[in-house]
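Report on the structure
Below, each chain spelled out in residue letters.
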Amino acid sequence: MNVKAKTLILEVSSEQQSITTTDDSMDSPQEHLSEFMEKLSSILTELKDDKRLVMISNPQIQKAIESLEVDFRRAKSLVKSSRISPVHDEHIEQVIQTLARSLGLVLFASHDVVEINKKAEIEALRRDMMKMSSVNNKPNLIMSSDDSEFSSYDRGIMEEDDRTTIYVDGIMEEDDRITLDVDEIVEEDDKITLDVDDVVVQIKYGDDKLLKCALNGLKSLVLDGMITKEGVHHEDMIPILFNRLSSSKTDHRLIILRILQVLATQHDENKEKMAEMGNLSILVKSLGRDLEEQKEAVGLLVSLSDVAAVRRRVGRIHGCIVMLVAIFNGDDQMSSHDAANLLNSLSGNTQYALHMAEAGYFKPLIHYLNQGSDMSKILMATAISRMELTDQNKANLGQDGAVEPLVKMFTSGNLEAKQSSLNALHNLSASKANVQRLIKSGIVATLLQLLFSVTSVLMTLREPASAILAKIAAQSEVGIVLVKQDVAQQMISLLHLTSPVIQCHLLEALNAIAACSNASKVRRKMKENGAVRLLLPFLTESRNTKIRNGALNLIYVLSNDMQDGELMEQLEEMHQNTLINIVSSSSTTDDEKAAAVGILSNFPVSDKNVTDMFMRANLLPILVSILTSITSTTPHLLLDNVAAVLIRFTLPSDKKLQQFSVENGVINILVKLLTCGSIVAKCRAATSLAQLSQNSLALRKSRKSRWFSCAPPHPTHTFCQVHDGHCSIKSTFCLVKAGAMPPLVQILQGNERAADEAALNCLATFQQDEIWENGSNYLVKMSCVQPIIKILEEGISLKAQEKSLWILEKIFRVEAYRVEYGEYAQVVLIDLAQNGDSLLKPTVAKLLAQLELLQPQSSYF
């Protein structure tokens with residue numbers, strides 16, 4: 001039937017060729033080669049001189065002749081070299097076989113084109129050469145013509161038992177070989193054979209197409225058990241396969257890996273050969289390739305892992321363990337299982353176990369922590385302490401059981417075990433879940449005992465102990481453990497008796513303890529026992545900013561609970577100046593400035609002496625400078641605390657101080673805070689603006705003034721629709737001119753209610769008795785009525801509700817506004833009259849009477 005040659009499937013022939021021995025067979029292969037070369041020389045000359053072949057210009061014929069010529073030159077070189085040194089008979093036989101193939105290709109290429117002179121002579125020579133190459137009766141590969149990449153080239157020439165090999169399916173130029181793509185009529189039982197030597201040669205030197213054919217053939221031979229271990233060794237098959245594995249395409253590498261897998265299962269000697277370092281390095285590279293190749297490679301490595309040399313060597317190959325861990329964590333279950341088996345087989349080496357841990361595979365490490373020798377446990381604990389673990393890895397280590405054996409090492413081990421385990425626990429304590437495990441283990445009491453110990457041998461353990469306690473304290477849910485232990489005062493007493501590293505950890509723990517919402521008693525005891533004075537010397541610490549920052553934060557937390565005058569007793573003017581220097585210094589961090597300004601904001605606002613001291617220290621311009629240069633990264637706490645201090649500089653009782661503040665740009669800064677600050681900063685900024693606005697009416701210049709009637713108004717003093725006069729920011733602190741109303745209304749319309757009261761206080765300054773009607777008109781114009789009613793309805797703050805009712809009462813004095821907003825307001829007002837706070841009811845009743853919903857004589861008054 002007609003078939004297109006496509007794939008090469010090689011199988012071992014079940015029959016050996018029958019070769020008739022002649023007298024010539026007794027001659028040596030070298031003599032045969034010389035005889036063949038003489039005959040071939042004349043044939044080659046005639047082919048090159050044949051004018052018919054030249055005229056046809058068929059590329060297939062030309063390439064076949066060129067290939068024959070190349071093989072002839074190689075054979076000629078071999079003959080010359082054999083005169084100098086003996087050449088192995090098998091090598092000569094291979095050369096003869098190659099020449100026979102080339103002759104066959106020439107005959108095949110010219111078969112349908114032109115009749116070559118002396119064709120019978122050429123075919124006879126080819127047969128003699130093929131018989132010569134078969135004298136050793138080696139196993140041959142047989143290719144079915146249906147499955148082969150080539151088919152019989154001349155049905156009339158070949159005899160029934162003749163076998164040859166022809167490469168087809170296109171012209172292949174590499175390695176001086178050609179292949180032809182043809183359609184031939186063949187019989188199903190026709191076979192073309194190729195011996196094992198040919199397969200190995202093609203695997204070693206063949207191009208991609210020939211390599212794939214040869215690999216498939218070798219695979220069939222290996223699977224059928226037709227190649228002995230001696231044959232594998234004799235042909236150097238394993239080194240050749242690994243060499244091609246390092247340079248071939250993906251589909252070729254897959255076949256090679258599968259062949260190696262079969263060879264590995266057949267003989268232990270094959271495994272030993274594969275266990276060479278160079279082979280393992282090539283194999284490991286396949287672990288990083290596509291999933292299918294990865295699966296084959298890890299499966300082969302598992303097969304080889306029972307060889308001790310493999311277990312010793314493979315873990316040393318760069319990237320091997322990392323790739324195995326990645327495969328273990330991958331989606332392919334079979335590859336993951338194989339990777340786990342291989343990792344476990346390698347884990348007998350402690351160094352490999354450490355490499356696995358560094359890659360995120362912790363099972364062997366934890367096994368050593370639980371069941372290893374004392375030195376192995378110390379080695380593993382030390383490794384954990386030095387690893388740069390992700391948060392997830394720390395949690396995984398704890399979940400897999402690392403915390404418990406480390407705690408046991410600390411409580412019952414020698415000094416070295418205690419040191420390594422504590423350092424490891426410190427690294428793991430950054431995980432919240434691990435902190436819970438530490439508390440459950442009962443280690444806290446032991447750590448505290450160690451922290452306050454005076455035994456010189458244990459002094460070196462105080463650093464990691466204090467670090468772990470700081471981590472435990474930092475967890476708000478579990479920090480209560482230290483609060484109940486009442487150790488804060490003891491920690492403070494240690495501050496001046498320990499190293500800077502321990503001081504940092506102690507301050508971190510103290511800050512965490514003091515910040516607990518249920519630690520008010522602890523904070524009170526700390527203040528009563530002079531904690532602030534013990535901390536003050538650290539404010540001048542210049543070498544270690546962490547210590548200074550920790551002390552600043554702790555003083556700030558403690559000062560938040562101090563009553564009027566209490567902070568003045570603790571901090572003298574020199575300490576206040578130290579705090580101001582910290583605020584003004586360019587070398588201090590924003591966090592330090594935030595804490596320092598926070599302490600300053602906790603001094604009583606009404607204390608004139610403190611204000612005078614702040615003025616002498618030029619604090620206000622420093623604060624304005626900070627707010628002028630704020631960015632998106634500026635801590636909210638810094639803005640909050642600066643806004644708190646500005647309340648002192650805007651008190652309505654001191655108009656000169658207000659004027660000084662306004663001249664330094666305070667109003668613009670406060671308006672800026674209304675838009676970019678936190679809700680706390682907005683609340684404090686609105687408070688300062690309300691204080692300034694209280695004096696705007698008194699500072700206004702009436703348009704009826706004689707002076708203004710005689711002289712034109714100053715260009716910066718424009719007429720104000722609220723204050724009914726000429727206003728400006730600097731002269732009258734006018735919020736209308738400052739553009740403060742839009743952000744104030746935005747606060748009232750927002751979802752956060754903490755700044756409502758302060759914002760309403762600003763609006764209320766527009767409704768002072770002399771200007772209430774202008775102020776009401778302006779508030780309606782700015783769409784303030786509905787947000788005010790919304791605040792009444794939500795009822796978050798009683799004071800905010802009181803201020804809202806006060807403002808609405810002024811607005812509803814105007815009939816037009818009662819008509820416009822009365823219906824919307826009455827629902828909320830009636831609900832407040834029935835369910836609201838009793839303090840609100842008189843004002844609510846007054847508003848309902850304005851809306852004619854309640855008689856003036858009602859009992860609500």
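This section reports on the structure supplied with the text. Values in this document were obtained by computation on a predicted structure and should not be read as measured data. (Residues numbered from 1 in each chain as written. Predicted model: local features only at pLDDT ≥ 70, side-chain atom pairs only at ≥ 80, totals over all residues. Heavy atoms only, no water.)

With that settled, the discussion passes to the overall build of the protein chain. Counting secondary structure elements, the protein chain contains 51 helices and eight strands. Out of the 861 residues in the protein chain, the part that is buried amounts to 52%. By sequence separation, contacts in the protein chain at least 24 residues apart represent 70% of the contacts at least 6 residues apart. Of the roughly 40000 Å² that the protein chain leaves accessible, carbon and sulfur atoms contribute 48%. (Helix = DSSP H or I, 4+ residues; strand = E, 2+ residues; numbered from the N terminus. Buried < 20%, exposed > 50% of the residue type's maximum accessible area, 1.4 Å probe, protein only. Contact = heavy atoms within 4.5 Å. Areas by Shrake-Rupley, 256 points an atom, 1.4 Å probe, with all protein chains shown as cover.)

Turning our eyes to something else, we now look at the nonpolar core. Counting residues in each nonpolar core, the largest one holds 178 residues, and the members touching the most others are L365, M491 and L763. Among the elements that make up this core, the one with the highest residue count is helix α28 (residues 500-515) (nine residues). Beyond its immediate chain neighbours, meaning those up to four positions away, L763 contacts M741, L744, L748, L779, C784, I788 and I807. Residues I203, V307, A309 and Y361 belong to the second largest nonpolar core, which totals 54 residues. (Core = buried A, V, L, I, M, F, W, Y, C linked by side-chain atoms within 4.5 Å.)

Glancing now at the packing of helix α15 (residues 320-328) against helix α16 (residues 333-346). Put simply, α15 and α16 touch, their axes get as near as 8 Å, and they point 140 degrees apart. When the interaxial angle is binned, α15 and α16 end up oblique. Judged by the twist between their axes, the crossing of α15 over α16 is left-handed. Along the contact surface, α15 presents I321, L324, V325, I327 and F328, while α16 presents S335, S336, A339, A340, L342, L343 and L346. Residue classes in the contact of α15 with α16 are distributed as 10 nonpolar, two polar and no charged. (Axes fitted to C-alpha atoms, helices over the stretch in contact; angles between N-to-C directions. Parallel < 35°, antiparallel > 145°, perpendicular 65-115°, else oblique. Left-handed = near helix turned anticlockwise from the far one by under 90°. Nonpolar A, V, L, I, M, F, W, Y, C, P; charged D, E, K, R; others polar.)

Here the focus is the side chain of R523. Tracing the backbone shows R523 in helix α29 (residues 520-528). For R523, the residues in contact, after removing those within four places along its chain, are A514, A515, C516, S517, V557, L558 and D561.

When two helices pack together, their arrangement is captured by the angle between the axes and the distance separating the axes. Orientation of helix α48 (residues 785-794) relative to helix α50 (residues 815-835), taken along the N-to-C sense of each, is 15 degrees, at an axis distance of 10 Å. It follows from the interaxial angle that α48 and α50 lie roughly parallel. Viewed along their axes, α48 and α50 form a crossing whose handedness is left-handed. Here V785, Q786, I789, L792 and E793 of α48 come into contact with α50, specifically with Y821, Y824, A825, V828, L829 and L832. Among the residues making up the contact of α48 with α50, the classes are represented as nine nonpolar, one polar and one charged.

Let us now look at the environment of L851. Along the chain, L851 turns up in the segment after α51 (841-850). If we ignore the near neighbours within four places in the chain, the residues touching L851 are F812, R818, G822, Q826 and L829.

What characterises a pair of aromatic rings is the spacing of the ring centres plus the angle enclosed by the ring planes. Scanning the model with the defined rule gives three aromatic pairs in all. The interplanar angle of 75 degrees and the centroid separation of 5.0 Å between the aromatic rings of F328 and Y361 together place this pair among those described as edge-to-face. Of this pair, F328 sits in helix α15 while Y361 sits in the loop between α17 (350-358) and α18 (363-371), and the two are 33 residues apart along the sequence. For F328, a relative accessible area of 28% puts it in the partly exposed group. Using a relative accessible area of 6% as the deciding quantity, one classes Y361 as buried. Where F766 meets Y778, the ring centres are 5.8 Å apart and the plane angle is 80 degrees; that geometry is what we call edge-to-face. Of this pair, F766 sits in the loop between α46 (756-764) and α47 (772-781) while Y778 sits in helix α47; the two residues are 12 residues apart in sequence, bridging distant segments of the chain. Taken individually, F766 and Y778 each receive the classification buried, so the pair is uniform in this respect. (Phe/Tyr/Trp six-rings, centres within 6.5 Å; stacked < 30°, edge-to-face > 60°.)

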